[in-house]
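Survey of secondary and tertiary structure
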Amino acid sequence: MGNRGILHDSNKSLGTARWRHKAWVCCVTEFKNRKRTLMAPSHYTELFFHDEAVALAAGHRPCGECRRTDYRAFLNAAGHSGSVKDFDVGLHAARAIPRVFKQNRHEADIKDLPDGTFIQSCAGPALLWQDALYPFQPNGYLVATPRPNGTVTVLTPKPTLQALWGGYRPRVSKDLGCS
């Protein structure tokens, strides 16, 4: 589950804002037996992701409260020390183009990309995982194809790639045959 701030109104309708702050986090859906009313007035709008790899590609990072161990491992793997606010500012600059509502993307040679990276393929967004490419649709991953060669458009923000290169291993859906 993700959080980008309050994005809905009192009628539970989404507005045009895509975020209200730069600390985009991904949380577990169960923590300390807390119960939430979805889209409660004056509370953050809950965003749900298929798995952590999708959340990371969208520009989120592990939550420092409910995923403390993952949070620390992620920042350590990204080579970040100091304020998490500073990390969030850099991650935000790498993921979003303000006032345009578009995602920052960049090109890279696919052979240099770590497991957990999302790229733009001819079939749409796709996850690189264990020498395979898994096209992704809202209902989940499609049948894997062999990892292609060449230059690709990368969807996962660069600071997150640094964490993946540094050894952070995102949780991926069991429909890939791993956990």
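Check the entry above for the structure.
All figures in this text were calculated on a predicted structure; none of them were measured in a lab.

**Overview of the pairing of strand 13 (residues 151-154)**
As defined by bridge partners, strand 7 (residues 106-109) adjoins strand 13 across 4 bridges and the pair is classed as antiparallel. Across the sheet, residue H106 finds its bridge partner in strand 13, namely V154. One ladder, built from 2 bridges, connects strand 8 (residues 118-121) with strand 13; its direction is antiparallel. Looking at the pairing, I119 lines up with V154 of strand 13.

**Concerning the packing of helix 3 (residues 84-95) against helix 4 (residues 158-165)**
In contact at an axis separation of 7 Å, helix 3 and helix 4 are set at 115° when each is read in the N-to-C sense. By the criterion of interaxial angle, the relationship of helix 3 to helix 4 is roughly perpendicular. Contact residues: F87, G90, L91 and A94 in helix 3; K158, P159 and T160 in helix 4. Here the contact of helix 3 with helix 4 is built from residues that sort into 4 nonpolar, 2 polar and 1 charged.

**Let's talk about unusual backbone geometry**
Negative phi is the rule for most residues except glycine; trans is the rule for most peptide bonds. Unusually for a residue other than glycine, K12 sits at a positive phi of about 65°. Mapped onto the elements, K12 comes out in the loop between strand 1 (2-3) and strand 2 (25-26). Look at K12 and you get partly exposed, because its relative accessible area is 44%. You will see that D131, though not glycine, has its phi angle at about 60°, which is positive. Considering the arrangement of structural elements, one finds D131 in the loop between strand 9 (124-129) and strand 10 (132-137).

**Overview of the packing of aromatic side chains**
Taken as a whole and assessed by the stated rule, the structure comprises 6 aromatic pairs. Each ring, one from F74 and one from F87, has its centre 5.9 Å from the other, and the planes form 90°; the classification is edge-to-face. Pair noted here: F74 is in helix 2 (residues 68-77) and F87 is in helix 3, with a separation of 13 residues, a long-range link. In this structure, F74 and F87 share a single accessibility class: buried. Note on F118 and Y141: the rings are 6.5 Å apart at their centroids and 35° apart in plane angle, and the pair reads as tilted. Of the two residues, F118 sits in strand 8 while Y141 sits in strand 11 (residues 140-141), which places them 23 residues apart along the sequence. Among the aromatic residues, those joined into a ring-pair cluster are F118, Y134, F136 and Y141. Between the NZ or CZ atom of R95 and the centre of the ring of W24, over which it lies, the distance is 3.7 Å.

**Side note on the pattern of salt bridges**
This model, assessed by the stated rule, comprises 6 salt bridges. Residue R171 is joined to D70 by a salt bridge in which the shortest nitrogen-to-oxygen separation is 2.7 Å. Of this pair, R171 sits in the segment after helix 4 while D70 sits in helix 2, and the two are 101 residues apart along the sequence. A relative accessible area of 46% places R171 in the partly exposed class. Note that R147 and D115 form a salt bridge whose closest N and O atoms lie 4.0 Å from each other. Here R147 is found in the loop between strand 12 (145-146) and strand 13, whereas its partner D115 is found in the loop between strand 7 and strand 8, with 32 residues between them in sequence. Note on D115: relative accessible area 26%, which makes it partly exposed. Here the residues in one salt-bridge network are E52, R67, D70 and R171, joined through shared partners.

How each quantity is defined
- Residues numbered from 1 in each chain as written.
- Predicted model: local features only at pLDDT ≥ 70, side-chain atom pairs only at ≥ 80, totals over all residues.
- Heavy atoms only, no water.
- Pairing = 2+ DSSP bridges.
- Helix = DSSP H or I, 4+ residues; strand = E, 2+ residues; numbered from the N terminus.
- Axes fitted to C-alpha atoms, helices over the stretch in contact; angles between N-to-C directions.
- Parallel < 35°, antiparallel > 145°, perpendicular 65-115°, else oblique.
- Contact = heavy atoms within 4.5 Å.
- Nonpolar A, V, L, I, M, F, W, Y, C, P; charged D, E, K, R; others polar.
- Buried < 20%, exposed > 50% of the residue type's maximum accessible area, 1.4 Å probe, protein only.
- Phe/Tyr/Trp six-rings, centres within 6.5 Å; stacked < 30°, edge-to-face > 60°.
- Lys NZ or Arg CZ within 6 Å of the ring centre and 35° of its normal.
- Salt bridge = Lys/Arg side-chain N within 4 Å of Asp/Glu carboxyl O.

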